[in-house]
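Single-letter residue listing:
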There are 6 protein chains.
Amino acid sequence: MLAAIARSASNHRRSWWSPGQAVVRAAASSGGPRPPYTTLAVSQPQQFVTHVELHRPEKLNAMSRAEMVELFSELAGNPDCRVVVFSGAGKMFTAGIDLMDMASDVLQPVGEDTARISWNLRKKIAEYQETFSVIERCPKPVVVAVHGACIGGGVDLITACDIRLCTQDAWFQVKEVDVGLAADVGTLQRLPKVIGSRRKGTGSRSCFVPAAGLVNELALTDRKMFADEAASSGLVSRVFADRRPMMAGAMELAGEIAGRSPVAVQGTKVNLLYSRDHSVAEGLDYMASWNMSMLQTEDVMKSAQAALEKKSPKTVVFSKL
Amino acid sequence: MLAAIARSASNHRRSWWSPGQAVVRAAASSGGPRPPYTTLAVSQPQQFVTHVELHRPEKLNAMSRAEMVELFSELAGNPDCRVVVFSGAGKMFTAGIDLMDMASDVLQPVGEDTARISWNLRKKIAEYQETFSVIERCPKPVVVAVHGACIGGGVDLITACDIRLCTQDAWFQVKEVDVGLAADVGTLQRLPKVIGSRRKGTGSRSCFVPAAGLVNELALTDRKMFADEAASSGLVSRVFADRRPMMAGAMELAGEIAGRSPVAVQGTKVNLLYSRDHSVAEGLDYMASWNMSMLQTEDVMKSAQAALEKKSPKTVVFSKL
Amino acid sequence: MLAAIARSASNHRRSWWSPGQAVVRAAASSGGPRPPYTTLAVSQPQQFVTHVELHRPEKLNAMSRAEMVELFSELAGNPDCRVVVFSGAGKMFTAGIDLMDMASDVLQPVGEDTARISWNLRKKIAEYQETFSVIERCPKPVVVAVHGACIGGGVDLITACDIRLCTQDAWFQVKEVDVGLAADVGTLQRLPKVIGSRRKGTGSRSCFVPAAGLVNELALTDRKMFADEAASSGLVSRVFADRRPMMAGAMELAGEIAGRSPVAVQGTKVNLLYSRDHSVAEGLDYMASWNMSMLQTEDVMKSAQAALEKKSPKTVVFSKL
Amino acid sequence: MLAAIARSASNHRRSWWSPGQAVVRAAASSGGPRPPYTTLAVSQPQQFVTHVELHRPEKLNAMSRAEMVELFSELAGNPDCRVVVFSGAGKMFTAGIDLMDMASDVLQPVGEDTARISWNLRKKIAEYQETFSVIERCPKPVVVAVHGACIGGGVDLITACDIRLCTQDAWFQVKEVDVGLAADVGTLQRLPKVIGSRRKGTGSRSCFVPAAGLVNELALTDRKMFADEAASSGLVSRVFADRRPMMAGAMELAGEIAGRSPVAVQGTKVNLLYSRDHSVAEGLDYMASWNMSMLQTEDVMKSAQAALEKKSPKTVVFSKL
Amino acid sequence: MLAAIARSASNHRRSWWSPGQAVVRAAASSGGPRPPYTTLAVSQPQQFVTHVELHRPEKLNAMSRAEMVELFSELAGNPDCRVVVFSGAGKMFTAGIDLMDMASDVLQPVGEDTARISWNLRKKIAEYQETFSVIERCPKPVVVAVHGACIGGGVDLITACDIRLCTQDAWFQVKEVDVGLAADVGTLQRLPKVIGSRRKGTGSRSCFVPAAGLVNELALTDRKMFADEAASSGLVSRVFADRRPMMAGAMELAGEIAGRSPVAVQGTKVNLLYSRDHSVAEGLDYMASWNMSMLQTEDVMKSAQAALEKKSPKTVVFSKL
Amino acid sequence: MLAAIARSASNHRRSWWSPGQAVVRAAASSGGPRPPYTTLAVSQPQQFVTHVELHRPEKLNAMSRAEMVELFSELAGNPDCRVVVFSGAGKMFTAGIDLMDMASDVLQPVGEDTARISWNLRKKIAEYQETFSVIERCPKPVVVAVHGACIGGGVDLITACDIRLCTQDAWFQVKEVDVGLAADVGTLQRLPKVIGSRRKGTGSRSCFVPAAGLVNELALTDRKMFADEAASSGLVSRVFADRRPMMAGAMELAGEIAGRSPVAVQGTKVNLLYSRDHSVAEGLDYMASWNMSMLQTEDVMKSAQAALEKKSPKTVVFSKL
C-alpha cells in the first residue's frame, strides 16, 4: 500500500510520511493527490525513493507553481527521500504551464504605468522560474519519466531534472515562440547545457540524414522532437517501448541511486551543478573545500568494507542525511 | 523578380531594399553583388527573409571583412529583415579568409619594433574577429547553408551562425594549424560550444566505429570532416542530397521563423547567446529583466488569439521591429 | 631501439633523452620504467613524440601522484616533446588511484580535531587533483589510448587529456560513489565538459534505443560504459579492434600533430582550454593578445611556403619550442 | 502616536500597518515590539518610511534570524515602504548574533558522523547568512543608525545596509576570531567592498599617525574601531554627537529618499548591487535591459515637470510601487 | 597658435592635425570648435598631448554623443596623441547630457507596443553608454579637469576618465533620481569602482565629522559633493585654487605621461582596466600574455639607457605608437 | 639569541627551525641569511611568529625569486609559523626586483623568432609573478614593515601582503613605466584592490589640497608617494616615527594574531582573498562550505570558555595547524 500522506495544515513543515514506513512496491500512484497537494500525487514506492506524479488530468497536467515549490523544499530536507522519480498521470506528461493562464497574467497588467507593470511582471517571472529552480536546488537526484506530450513548461521542468527517460510515443515541444514570447523560465538557460546544439542521425537505410535537432531550431520554431531524436540528441538517456516498462526502469534506476551513500550521491549532485556554472579550476577548488569534511563520513569505511566483502553498496545501511 | 538593390554611396545607412517589396520566390541570387557590395549578393526571396550569398567565385568566395560588418550592422536594425539565410555561390561555400592574404598581412609587419608590430597585429586580429562577431550580435537568426568546401574562416563564420545545414558533398576543415598559427578569429572559441568534443558513429554495417571527431583533433590536424560526421557531431542539423533541396529547406525553415513574433524570436536569440556565456542563475536573472517589458507586447495576445482559433502564428501580422 | 632514458638524480631538471636521438619505431615500451620513475615507462618512439606508459602491473596500473607531476612538469618545458601518447601496460589501462589506498588516507585522519583533519584532507585532495591538472597545464597535446578497464581515477586522467582513443574491449566506470564519496579529483568537473549529458544510439536492428549515457547516471551509479557508447557519446573519438592497431593509430595521430608548427599546436591547446572556461568575448580578447606575438613566428612563412609548393607541413623543419 | 501595528497570525502576509495612516513625527519607538515580532519594533514615522528597531534589551539586542527574514521579505513587497531606517533600542546597537548561542549550536552537533554534522552546519550557516542577505535583496534603501556597541553579527548587518550613520560613542568590532571562527555570515564578504583596506589619518596635532584601519587587521584581531575612524575609513558616512540628532538626521535622509520616484530609487539600489558583483560591461548591459522598461514610467514626466516649475521632486505624488 | 584642424569630409578617418606640428603653449582653446566638430574644441598644446574642450556654452556644455564617439575613436588610433586633457569652456564643466532632451526621447516613444518601445529605448541607452565607454576603450590616458558644476552625464563622463582634477569651486551631482530614473549610462557602474563608499573627514576645529560621502547617498538623493569632499573621497586627486592653475597642472601632468614610453603607458591603461573587471589570477595571466610581446620593445633599452645616464625618460625619443 | 636555522641540503622540505624552540625576543636579525637562503634572514622572534628579512644590502635588497618561493612554500605548511613579519635590512626596504637585471633578461632574448622569444618571456614573467603570489597563497597572515625606499617590485611585494606598516621616512614608487614597461608582476592587479583610486587631504592649515594619490597617477608617472599619503590612501595602516618602534609595533600586532585560533585566522585569510575575487553570493557560498567543517574545531569551545572566564584568547593553547 502507498505511503499514508497525512499532513495537517497546523503541522507546517513536518514530513508527510510516517516514519518507519514499509517499502511499497507499486510504482503507480493510487487515487491521486492528497492534501496539502491538489495537483501532485506523492508516494514512496521504495525505501528512500519518492514518487511525484503530476496529477491534474482535467488540465492536461498543467503545473502548479506553489505546490512544486512547497514539495521540493520539503523533499530537500527530508532524510527519508534520497532520490525522486517524477512522472505524469493520464494521457501525457504535461502540456506545461497553462500558457493561456500565463498569457492572461500578461494580458491583465498590474501597475499604473509601464514601469510598474514591468516591475510586477518581473516578480511574476521570477516566481515561475522558481517552480523549476527548486528542483535543481534540491540535493536529491531527480529522475523524470516522460510519456506522450511534454510541452512548453514541461521542457523547462525536465531540463531542471538530473536524468531523463521517455517512452517511444513521447514528444517534446518548446512552445513559447508560438505564443509570442521568449521562453523565460528555464528552457533557454538549461536546454543548451543539456543537449548542446548537436544531433546524430544515420538511419540504417538511407545515406543521408533527414532530421535536425538544434536547440536554436527547437527554440525558434514549433518543431516537435520525438523520442528517437530526443535519445540521439542526449535529451533523454533511455527510450522505453511503453509507460509500464519505463516506470519500472525509472524505479530500478532510482533504487540503484537510493541504495548508495547519500553523502556521496548528494555531494555529487551539488558539485555537478556547481561545475556546470564555473570554470574547471573553480570547480576543483570548491570540490576540495566540500570534500575536506565529507570524506570524513563513515560511509567510506562501510562502503570499502562491503567492497572488500564483494557485497553491493546497496547492502550497506547508511545513516540518515 | 528579385529585390531591387539600390543603395547609393551618398545614401549611407539607408536600407537597400524598397519598402513594400513583393515576396520573391527564387532562392538563387541573380546576377551577383550590387553596390555597395562587391563580394556579397543580397536579396529578399520572401517577406522578412534576407538572403546573403558569398559571391566572389574568382577568389573561392574568400570573405571581405568590411562588407560583412557593414551588411550585418545594417541588417541588425532593418525591420524588413527578420531572419537571414547565408550561402555561397558557385562551386563551394568558401575557402575562408584568404589565408595567403592573411599571411601576407603577417609577413609585412607594421611598426618599428616587436611591441609596435604586436600592437598593430592585435588591432588587425580584432578586426578579423569582428567579421564574424557581427553575425552573432545581429539579433536576427542566421541560417547558414553549406555546399562543398568550408575551410578556415568558413568554419569561423558558420559557428557564429545560429542554424547550420549542408549538402552531402560538404566538408569542413580547420586549416589554421597547417599554416603555422592558432585559429584566432572564432573557431577555437565557438566550435567547442557548438559541437563539444564528441562523436557518434555506428555505421550500419560494422560493429565498431572507425571514425573520429573531436574539436581537438580537428583543430590540431588538417583532418576534413564530411557531411555525415558533421551531422552526427551536431555541427550541422540537416544534410541534404544536393544544393537545390538544401536552399529550399533553408528557405522553408527561414519562413517558419520569419512568420513568428519578431519580439519572441529576437529575444530568444539574444537570451540564448547570453545564457551560453553565463551561469544558469545569471541567465535567469537577465531573462526576467528582459521579459518584464517584452511580455507586454501585443504579439502575445495576437498569437494566443490565433492559437485559440487554431490558426498558425504565421497568419498573424506582427508590427515591425 | 628505444630511447635511452638516463636521468641521474643529481641532474635534476635535465631532459631524460639524449639529444639527436634516432626516431624509433616501436610503440611498445621495452622493459618498463627506468629511474627516476618506478611506475611510468617513458620513451620517444618518434621524433617529438613522447610515449608515457603506466607500468605497474602488480597494482593494476594504479597511478603515482608524485611521478605524474614530475614527469608532466618536465615535458611541459622539454622542446623535444611536442605531443604525448599515454597508455597502460598489461591487461588494462588502469584501476585508477588505488581507492583502497585513498580510503585508508581518509580512514587514518591527521589532525587533533575535525577542523584540522579537514584542513589536512583539503591539502591531500588538492595534491590528488594536481596529478591530473598537470596534464592539462602541459601545453603539449596528450593523446590517450585506453584498453580494458579504465576505472575511477582513470576517468579523471583521461578527461584531462586532449584526445581519447580506445579498443573495442575498453570500459569506463566512475567508481567513487560506490565507495561512499563524490569524485573529487576531476571527473565531476571535466567529464561534463567532455561529453555533455547526451547520447545517441540507434543500433541497426531495432527501432528504439535501449542504451543510456548521461554524466549524471555514470556519476550516480556504478554503470559501466563500454566502447561503443564511449564513442557515440563523444568520450572517445575512435574505437579500434585491438590494442596493436590502437597504438599504431595513436602514434600516427601523434605524428600528424608533432609534424606541425609547435607554435600553432601549443597555442591552440592553450586557447582551447582558456575558451572552455570563459565567455566567447573573453576568449576572443585573450586570443588576440596571444596571437599578436605568436603570429610573428617564422612558422607561418615556412608553412605558407610549403603550402604553395604543395608540400605537407610535416616536411617543414620548425625551430624548437 | 506611532503606527498601529495590527497583524493577526491568521492574516499571514498582510501588511502590518493600516492604509492611509497619518505621518507620525516621533522617531523613537513606543512600547517595543508587537506581534508577530518579539525582537523588532516596527513603525512608520513618516509616509513611506519604515522604522525598524532592534528591541531586545535583555539580550543586548541580539538578532533573531527568523524575524529579520520575515520582516524584510514583507517590506520588499510593501508599497507603503520606500525606505527603511534601522536602529537599536537601549544602550547599544547590538552585541550581534548571540555568539554563545551560535557556539552552542556548534558545540551540540547534529548528525551521526562528521559529514552529516557538516551537512547540517552548512544549512545552519546558510540560514544565518540569509538573515542579512534579505536586507540586501530588499529593493528599498536601508539607512542604519548605530549608537554604542556594534559587535560581531552587528557588523554583518550594517554592511548589508545601504547607508551607515553613527554617534560619537559608537564602536565596531569584528569579534569572530576571538571565539575561534572565521566570520561566516557576511563580514568577510561585504566589509571589504564597503571600506576597502584603507585609512585616513593625520590629526592636526601630531606628525605621525597612531591609528590603523584595515579590514584585515579588524578581521584578524579584536581591535575596536571607533566613530572617527569609522567615518574616515568610509564605514559610516556621518557621525553625530548623540543619539537624538542621529535619529533626526536618519529620518531626514530617509525622507529625502522616500520623496523621490520609487522607480528611480529602487532601480538604483538593484543596479548598484548588480554592478558591485559584475564587470562594468556586464553592469551596463544589465542596466540597459532594466531601463528599457523603467524609463517608460510617468515618474520621468512628473519629475521633469516639477523641475521645470522649480519644485522639489518631493512635491510630486508618485504612484505606488 | 593652435593646431590647424583641417579635416575634410572626403578625408574620412584622416587625422585632424598636421604632421610635424610645433608644440603649442596655450592651454586654452582659441575660437572654439572647428569642423567636423561643433561642440568640441580640439587642440594640441604640447607634443603628444591632445586638449579636448567641451565648448557649447549656450547649452551649458551639454555633450554630443556622436561627436564624442567620433573623436575618441580617432584619438585611439592617432599616434600623435599619447595623452588627453579634457575640460569645459565657459562657466562650468558641464550640465551633463541635456536631461530634458533625454526625457523628451523618453516621452516620445518609438514603437507600436511596449515591447517595441522598450527595444528601441534599449538601443538608445546603449548609444548613450557608448558616449563614455569610448573614453575608457581609448588606450591613451585621459586627464579630466573640472571647474564649476559637473552634473548628471558629467559624472558619467569623469568616471570613465583616468585621472580627475578640479578647482575649489567645483561641485558634482548625480542628478538622475531627481528626474525619475536610475542613472543608466555609467555612474552606477563606474562611480563605486572609483570612490567606493567611503569618506574621510576630520576638520581641524571640531571633534566630530559633519560630512558624508557615500555613493549610495549621492545616487539616491540630489546632494551636491563639493571639491574638498571630492578630494577626500578620492573622486578627484587634486584640487586647485582656480581654473588657470588647474589647467597648468593638468598640462604638466599630461606632459609627464606623454614623455614616457607609449608602449608602457598604454599597456598600463589597458591592463588596469582589465584588472578592475577580473580576479587577480586572471589579471596576472592576461598581463603575462600581453607583456610577452610588449617587453620586446626598444623602449626598455632606451629607457634603461637614459636611467643609467641619469636622464629623465622624457628626454628619450620613442617611436610612434 | 635567534632561532637556530639548521636546514641541511639533504633534508629537502624539512622545517628549518628546531622543534620546541624557545621564544626569542629580539626582532632584529642577527648575522643575516643562513643556508639555504642567501638573501633572506629568517628567524622566530616569538612563538608562532616568523620574521623574514630581506638581507642583501649590497644589492639594495633586490629580491631573489627562487628563495621567496621556497621560503613561503615552506611556511605555508609549517605549523610553528602562524604569522609572518616581513621587513628589510639596512638603509631601505627594497629597490625592487633589480630592474636592470630584468631589463637584461629582456634585452637578451631567448628563442629563434619573435613567437619563441615571446613564449619564453611569458614563462619568465609567470615566474616573476609567482615570487609574490606565493605570499598570497600562504594561509598565514603577512605583516610587512617598510622603512625608506620601496620601489618597483617592492610595491608588488607589499600589495601581496595582508597588513602594511611604514616609518615616517618611507616612500613608495611604481617605477616600471620609467623603464619602458607596464608593471607585470602584481602592481597593476593588486594595488587598485588595496587602495582604490582615492585620496585624502585637508591639511590643518590650508583650505585646498595640494596633493594627489591615484593608482593611475602612480602607475603612469614616477611620482613618489610618501608615508603620510600612504597612510591616508590606505596603502599602509600605520606610520611610525622610526624603524625601531615600527618593528616593535609589527611584532606586537603579529603576537596578537599568533595568539588566536589558527583555524580562525587562516580561514579568515583564505576567505578574504576568495571574496576579493568573487561576487558576494559566491563568497557566501564558499564560506558556508568552508566553515561546515571548520566550525567543528575545539578552538571554538576553548575560546568561548576563555571568554566566559574573562581571559584573553591568547591564553588559550590551540592545537597545531
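The written sequence of each chain sets the order in which its residues are numbered from 1. To label them, take the chains in the order written and letter them from A, then take the ligands in the order written and number them from 1. It should be noted that, the model being predicted, local features are given only for residues of pLDDT at least 70 and side-chain atom pairs only at 80 or more, the latter also being counted only at that level, while totals for whole chains, interfaces and linings use all residues.

Chain A is annotated in an unreviewed UniProt entry as Delta(3,5)-Delta(2,4)-dienoyl-CoA isomerase, mitochondrial from Takifugu bimaculatus. UniProt positions are given in the numbering used here, feature names are shortened, and annotations may be inferred rather than shown by experiment. If you open the UniProt record of chain A and go to Function (unreviewed entry), you find "Isomerization of 3-trans,5-cis-dienoyl-CoA to 2-trans,4-trans-dienoyl-CoA." The Subcellular location (unreviewed entry) comment attached to chain A in UniProt states, word for word, "Peroxisome".

**Q** Explain the sheet that holds strand S7 (residues 171-173) of chain D to me, using residue names and the numbers behind them.
**A** Residue and element names in this part refer to chain D. Here the rule is simple: two strands pair whenever DSSP picks up at least two bridges between them. A run of DSSP states H or I qualifies as a helix once it reaches four residues; a run of E qualifies as a strand once it reaches two. Both are numbered from the N-terminal end. Taking strand neighbours across the sheet as the criterion, the three strands line up as S5-S7-S8 in an open arrangement whose pairing is mixed. Either end of the sheet is taken by a strand with one partner, and the two such strands are strand S5 (149-151) and strand S8 (225-226). Examined bridge by bridge, S7 and S8 share two bridges and lie antiparallel to one another. Across the sheet, Trp171 pairs through a bridge with Phe226, a residue of S8.

**Q** Quick one: what's the story with the confidence of the model for chain A, residue by residue and with numbers?
**A** All names here are of chain A. The pLDDT value expresses, per residue, how confident the predictor is, ranging between 0 and 100. Across chain A, the average pLDDT comes to 82, with 82% of residues at 70 or higher. Confidence drops under a pLDDT of 50 for residues 1-29, and excluding neighbours within four residues, the segment shows 43 contacts in the predicted structure. For the purpose of contact definition, each residue receives a C-beta atom placed from its backbone, and two residues are in contact when these atoms lie within 7 Å. Low pLDDT (under 50) marks residues 197-213, which in the prediction has 50 contacts with non-local residues, meaning those over four places away or in another chain. Interface predicted TM-score (ipTM) for the complex: 0.83; the corresponding pTM is 0.87.

**Q** Describe the packing of helix H5 (residues 187-195) of chain D against helix H9 (residues 262-276) of chain F, listing the residues and the values that go with them.
**A** Each axis is a line fitted through C-alpha atoms, and for a helix only the stretch in contact is used; angles between axes span 0 to 180 degrees, taken between their N-to-C directions. Running from amino to carboxyl end, H5(D) crosses H9(F) at an angle of 55 degrees, the nearest separation of the two axes being 9 Å. In terms of orientation, H5(D) and H9(F) fall into the oblique class. Crossing angle aside, the handedness with which H5(D) passes H9(F) is right-handed. Facing H5(D), whose interface residues are Leu188(D), Gln189(D) and Pro192(D), H9(F) presents Thr268(F), Asn271(F), Leu272(F), Ser275(F) and Arg276(F). Side-chain classes follow a simple rule in which Ala, Val, Leu, Ile, Met, Phe, Trp, Tyr, Cys and Pro form the nonpolar group, Asp, Glu, Lys and Arg form the charged group, and the remainder, Gly included, forms the polar group. When its residues are assigned to classes, the contact of H5(D) with H9(F) shows three nonpolar, four polar and one charged. Just so you know how the angles are binned, under 35 degrees is roughly parallel, over 145 roughly antiparallel, 65 to 115 roughly perpendicular, and the rest oblique. Each crossing gets its hand from how the near helix is turned against the far one by less than a right angle, where anticlockwise is left-handed and clockwise is right-handed.

**Q** Can you tell me about the environment of Leu75(D), naming the residues and giving the values?
**A** All names here are of chain D. Relative to the assigned elements, Leu75 resides in helix H1 (residues 65-76). In this structure Leu75 comes out as buried when scored by C-beta crowding, with 24 C-beta atoms within 10 Å. For Leu75 and Leu181, which are 106 residues apart along the polypeptide, the C-alpha to C-alpha distance reads 32 Å. Every residue in contact with Leu75, bar those within four places of it in the chain, is listed here: Thr50, Cys81, Val84, Cys138 and Lys140. Burial in this document is a count-based property: other C-beta atoms within 10 Å of a residue's C-beta are tallied, and the residue is buried at 20 or more, exposed at 12 or fewer, or partly exposed in between, with C-beta positions derived from the backbone.

**Q** Mind laying out the interface of chain C and chain F, listing which residues take part and the relevant values?
**A** Contacts between chain C and chain F engage 15 residues on the former and 15 residues on the latter. Where the side of chain C that touches chain F is concerned, the elements lending two or more residues are helix H3 (114-137) and helix H10 (280-294) of chain C. No other element matches the five residues that H3(C) contributes to the side of chain C that touches chain F. Class assignment for the residues of the side of chain C that touches chain F results in five nonpolar, six polar and four charged.

**Q** Tell me about the relation of the copies chain C and chain F, residues and numbers included.
**A** Superposition record for chain C on chain F: RMSD 0.0 Å, screw rotation 180 degrees, translation along axis 0.0 Å. Classification of the inter-copy transformation places it as that of a two-fold axis. Most of the interface of chain C is mirrored in chain F, where 100% of its interface residues again form contacts. Fitting of the copies onto one another was done by least squares over C-alpha atoms, counting residues only where both copies have pLDDT of at least 70.

**Q** So what's going on with the domain arrangement of chain A? Which residues, and what values?
**A** Residue and element names in this part refer to chain A. In this entry, domain limits derive from an automatic or database-based domain assignment. With domains assigned, chain A is organised as domain 1 (40-259) and domain 2 (261-320). Each partner contributes to the interface: domain 1 provides ten residues, whereas domain 2 provides ten residues. Classifying every residue of the side of domain 1 that touches domain 2 by side-chain character gives four nonpolar, one polar and five charged.

**Q** Can you break down H1(D) residue by residue, with the values?
**A** Residue and element names in this part refer to chain D. The span you would expect from a helix comes to 1.5 Å times its residue count less one. The terminal C-alpha atoms of H1 lie 17 Å apart, and with twelve residues this matches the ideal 16 Å at 1.5 Å per residue to within 8%. Within H1, burial applies to Glu67, Met68, Leu71, Phe72 and Leu75. Seen along its axis, H1 keeps its buried residues to an arc of 115 degrees; they face one direction. Packed against the buried residues of H1 are strand S1 (40-46), strand S2 (49-54), strand S3 (83-88) and helix H3 (114-137). An arc is given here, and it is the one of the directions from the helix axis to the C-beta atoms.

**Q** An account of the sheet that holds strand S5 (residues 149-151) of chain E is needed here, citing residue identities and associated values.
**A** Residue and element names in this part refer to chain E. Read across the sheet, three strands follow the order S5-S7-S8 without closing on themselves; strand pairing throughout is mixed. Across the chains shown, the open sheet's two edge strands, defined by having one partner strand only, are S5 and strand S8 (225-226). Judged from the three bridges that link them, S5 and strand S7 (residues 171-173) form a sheet pairing that is parallel. Bridging across to S7, Cys150 finds its partner in Phe172.

**Q** Which residues make up the pairing of strand S2 (residues 49-54) of chain F, and what are the values?
**A** Residue and element names in this part refer to chain F. Among the six residues in S2, six count as buried, and that is most of the element. The pairing of strand S1 (residues 40-46) with S2 spans five bridges and is antiparallel. Along S2, the bridge assignment pairs Ala41 with Glu53. Hairpin geometry of S1 and S2 is characterised by an intervening segment of two residues between the two adjacent antiparallel strands and by a positive phi of about 70 degrees at Phe48. Looking at chain direction, S2 and strand S3 (residues 83-88) are connected through six bridges and run parallel. Note on S3: the bridge partner recorded for Val49 is Val83.

**Q** Residues and numbers for the nonpolar core, please.
**A** Nonpolar side chains tend to gather and get buried jointly when the protein is soluble and globular. Joining buried Ala, Val, Leu, Ile, Met, Phe, Trp, Tyr and Cys residues through C-beta atoms within 7 Å gives a set, and that set is a nonpolar core. By size, the foremost hydrophobic cluster in this structure holds 588 residues, and its most contacted members are Val143(A), Val143(B), Val143(C), Val143(D), Val143(E) and Val143(F). Setting aside its immediate chain neighbours within four residues, Val143(E) contacts Val83(E), Val85(E), Asp162(E), Ile163(E), Leu165(E), Ala250(E), Leu253(E) and Ala254(E).

**Q** How would you explain the environment of Glu252(B) if you had to name every residue and give the values?
**A** Looking at where Glu252(B) falls in the secondary structure, it is placed in helix H8 (residues 243-258). Sequence separation between Glu252(B) and Gln46(B) is 206 residues; the distance between their C-alpha atoms is 9.8 Å.

**Q** Requested: an account of helix H8 (residues 243-258) of chain A, with residues and values cited.
**A** Residue and element names in this part refer to chain A. The first and last C-alpha atoms of H8 sit 22 Å apart over 16 residues, in line with the 22 Å expected at 1.5 Å per residue. All buried positions along H8 are accounted for by Arg243, Met246, Met247, Ala250, Met251, Leu253, Ala254, Ile257 and Ala258. One face of H8 carries all of its buried residues, which in axial projection span an arc of 165 degrees. Within H8, the exposed residues directed more than 90 degrees away from the buried face are Pro245 and Glu252.

**Q** With reference to specific residues and values, describe unusual backbone geometry.
**A** Leave glycine aside and you will find that most residues have negative phi; peptide bonds, for their part, are mostly trans. The amide bond that connects Pro35(C) to the next residue, Pro36(C), takes the cis arrangement and shows omega of 5 degrees. In this model, Leu60(A) sits at a positive phi of 55 degrees, which is unusual for a non-glycine residue. For Leu60(A), a count of 20 C-beta atoms within 10 Å gives the class buried. The backbone of Asn61(D) shows a phi angle near 60 degrees, a positive value even though the residue is not glycine. Relative to the assigned elements, Asn61(D) resides in the loop between S2 and H1. Judged by C-beta crowding, with 26 C-beta atoms within 10 Å, Asn61(D) ranks as buried.

**Q** Now, about the pairing of strand S6 (residues 163-167) of chain A: what can you tell me, with residues and values included?
**A** Residues and elements named next belong to chain A. In terms of residue burial, S6 counts as a mostly covered element, since five of its five residues are buried. Alternating residues of S6 divide into Ile163, Leu165 and Thr167 and Arg164 and Cys166, and every residue in both groups is buried. In this structure, strand S4 (residues 142-146) lies alongside S6, joined through four bridges in parallel fashion. Pairing of Val143 across the sheet is with Ile163, part of S6. By the bridge criterion, three bridges tie S6 to strand S9 (residues 238-240) in an arrangement that is parallel. The partner of Leu165 across the bridge, within S9, is Arg238.

**Q** Go over the packing of H1(D) against H3(D), please, and point to the residues and values.
**A** Residue and element names in this part refer to chain D. Packing of H1 against H3 leaves a shortest axis separation of 9 Å and a crossing angle of 25 degrees. With respect to their mutual orientation, H1 and H3 come out roughly parallel. Along this stretch, H1 crosses H3, giving a crossing that reads as left-handed. Across the interface between the two elements, Arg65, Met68, Val69, Phe72, Ser73 and Ala76 of H1 pack against Glu127, Tyr128, Glu130, Thr131, Val134, Ile135 and Arg137 of H3. Taken together, the residues of the contact of H1 with H3 sort by class into seven nonpolar, two polar and four charged.

**Q** Summarise the environment of Asp162(F); cite the residues concerned and give the values.
**A** By the element assignment, Asp162(F) lies in the loop between helix H4 (153-159) and strand S6 (163-167). Of the residues examined, Asp162(F) has 26 C-beta atoms within 10 Å and is grouped as buried. When the C-alpha atoms of Asp162(F) and Leu272(F) are compared, they prove to be 10.0 Å apart, with 110 residues separating the residues in sequence. Filtering out sequence-adjacent residues up to four positions away, Asp162(F) remains in contact with Asn216(D), Pro141(F), Val142(F), Val143(F) and Lys269(F).

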